[in-house]
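# A look at the structure
So the chains spell out like this:
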Amino acid sequence: MLLPPRHYDMRTGRRYDFREIYRTLIAAAHRSQQKAGESRIFLSRRQLKRRLRRLSNGAAVERRMARRGFTVVHSQHMSLVDQINAAAGADLIAGVDGSALHLSVFMRPGARMLVLQTKRRRTIHFMNALMEIETISVPAHGASVPKRIDLNELDRALDDLGCPEPGPIGRILNRIDR
């Protein structure tokens, strides 16, 4: 079995540029399957079997994101090529912190990410900074699991990101979701 070399050496620094590797994967995915991407994607965790990092108000968050123009996707039901294409075509990806958000490495520089943060984990922020992806977080609240996203904080973050306001019926439904 052949293993690739370590990507970072404490004495000499990095051995290769991961950004180029990911950009090569993006190009290969695009060549194999041409598909128009969605501009805004919400990566949902609601259909996962394990309850890790689920939100107590996850359904309300999903509905809120859909009303603000996001396409709600469940990446665990998508092929790797479809996941890469979706991330590469997105201007904005949002989701609960976790492995699905690592798709940001396939986003184009200048794209943005909204992290619904259930833990004080900063890895995604560091990785996105390297990939030139602007990252904004909305912290989840609660002492126990599952935690809850404050929908007012979520709305403020979506406003800051320039997401369209929901229509009159969407505003009424948002009040019901509170």
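Residues numbered from 1 in each chain as written. Predicted model: local features only at pLDDT ≥ 70, side-chain atom pairs only at ≥ 80, totals over all residues. Heavy atoms only, no water.

### Digging into the overall build of the chain
Stated precisely, the cut-off is as follows: Helix and strand assignments follow DSSP, with helices taken as H or I runs no shorter than four residues and strands as E runs no shorter than two, numbered in order from the N terminus. Only protein chains enter the calculation, and the probe is 1.4 Å; a residue is then buried if its accessible area is under 20% of its type maximum, exposed if over 50%, and partly exposed in between. Note that accessible areas follow from Shrake-Rupley with a 1.4 Å probe, and for residues the cover is restricted to the protein chains shown.
Secondary structure summary: the chain contains 6 helices and 8 strands in total. Ordered by position in the sequence, the α and β elements of the chain form the string β-β-α-β-α-β-α-β-β-α-β-β-α-α. Counting over 178 residues, the chain shows a buried share of 41%. In the structure as shown, the chain presents an accessible area of about 10600 Å², 55% of it carried by carbon and sulfur atoms.

### Some remarks on empty space enclosed by the protein
Where we set the bar: Residues are called lining when one of their atoms sits within 4 Å of a cavity or pocket point, these points coming from a 1 Å grid over the protein atoms alone, where a cavity is a set in which a 1.4 Å probe fits but cannot get out and a pocket is an open set with protein on both sides within 12 Å along at least five of seven lines. Grid points are joined across faces, edges and corners, and a volume is the space filled by probe spheres set on the points. Nonpolar residues are Ala, Val, Leu, Ile, Met, Phe, Trp, Tyr, Cys and Pro. Charged residues are Asp, Glu, Lys and Arg, and all others, Gly as well, are polar.
Going through the model one piece at a time under the given rule, you end up with 2 cavities of 30 Å³ or more. When its volume is computed, the largest cavity comes out at roughly 80 Å³. In this structure, the largest cavity is lined by 11 residues; those nearest its centre are Arg 45, Arg 46, Leu 55, Gly 58 and Val 96. Put simply, the second largest cavity is a space of about 40 Å³. Around the second largest cavity, the lining residues are Ile 41, Leu 43, Val 73, Ser 75, Met 78, Gln 83, Ala 86, Ala 87, Ile 93 and Leu 103. Every element with two or more residues in the lining of the second largest cavity is listed here: strand 3 (40-43) and helix 3 (80-89). When residues in the lining of the second largest cavity are grouped by element, the largest group, 3 residues, is from helix 3. Looking at the lining of the second largest cavity residue by residue, the class counts come to 8 nonpolar, 2 polar and no charged.

### Focus: the sheet that holds strand 3
Applied cut-off: Any two strands are treated as partners once DSSP identifies two or more bridges connecting them.
Sheet architecture is open: 6 strands sit in the order 4-3-5-6-7-8, paired in mixed fashion. Of all strands in the sheet, those with a lone pairing partner are strand 4 (71-73) and strand 8 (148-149), marking the two edges. Pairing geometry for strand 3 and strand 5 (residues 92-96), over 4 bridges, is parallel. By the bridge assignment, Arg 40 is partnered in strand 5 with Leu 92.

### Topic: the environment of Asp 160
Checked against the element boundaries, Asp 160 lands in helix 5 (residues 151-160). Separated by 24 residues in the primary sequence, Asp 160 and Ile 136 place their C-alpha atoms 9.6 Å from one another.

### Describing the side chain of His 74
Which entries qualify depends on this criterion: Contacts were defined at the residue level, with two residues in contact if any of their heavy atoms lie within 4.5 Å.
Inspection of the secondary structure assignment puts His 74 in the loop between strand 4 and helix 3. Dropping the residues within four chain positions of it, His 74 is found in contact with Ser 44, Gln 47 and Glu 62.

### Overview of the pairing of strand 7 (residues 134-141)
Remember that side chains alternate between the two faces of the sheet whenever the strand is regular. Defined as follows: Look down the strands so they point away from you; if going from the first strand over the helix to the second traces a clockwise path, that crossover is right-handed.
Judged from the 6 bridges that link them, strand 6 (residues 112-117) and strand 7 form a sheet pairing that is parallel. Following the sheet pairing, Val 115 is matched in strand 7 by Ser 137. Traced from strand 6 through helix 4 (residues 123-130) to strand 7, the parallel crossover comes out right-handed. Across 2 bridges, strand 7 lies against strand 8 in antiparallel orientation. In the sheet register, His 141 faces strand 8, and the bridge partner there is Arg 148. Between strand 7 and strand 8, which follow one another and run antiparallel, lie 6 residues, and Gly 142 among them has a positive phi close to 125°.

### Thoughts on the nonpolar core
Where we set the bar: The set of buried Ala, Val, Leu, Ile, Met, Phe, Trp, Tyr and Cys residues whose side-chain atoms join them within 4.5 Å is what this entry labels a nonpolar core.
The biggest cluster of nonpolar side chains holds 23 residues, and the ones touching the most others in it are Ile 41, Leu 43, Ile 93, Leu 101, Phe 106, Met 107 and Met 113. Of all the elements, helix 3 adds the most residues to this core, at 4 residues. Non-local contacts of Leu 101, meaning those with residues more than four positions away in its chain, are made with Leu 43, Ile 93, Ala 94, Gly 95, Val 96, Met 113, Val 115 and Ile 124. In this structure, Met 65, Phe 70, Leu 154 and Cys 163 belong to the second largest nonpolar core, which totals 20 residues.

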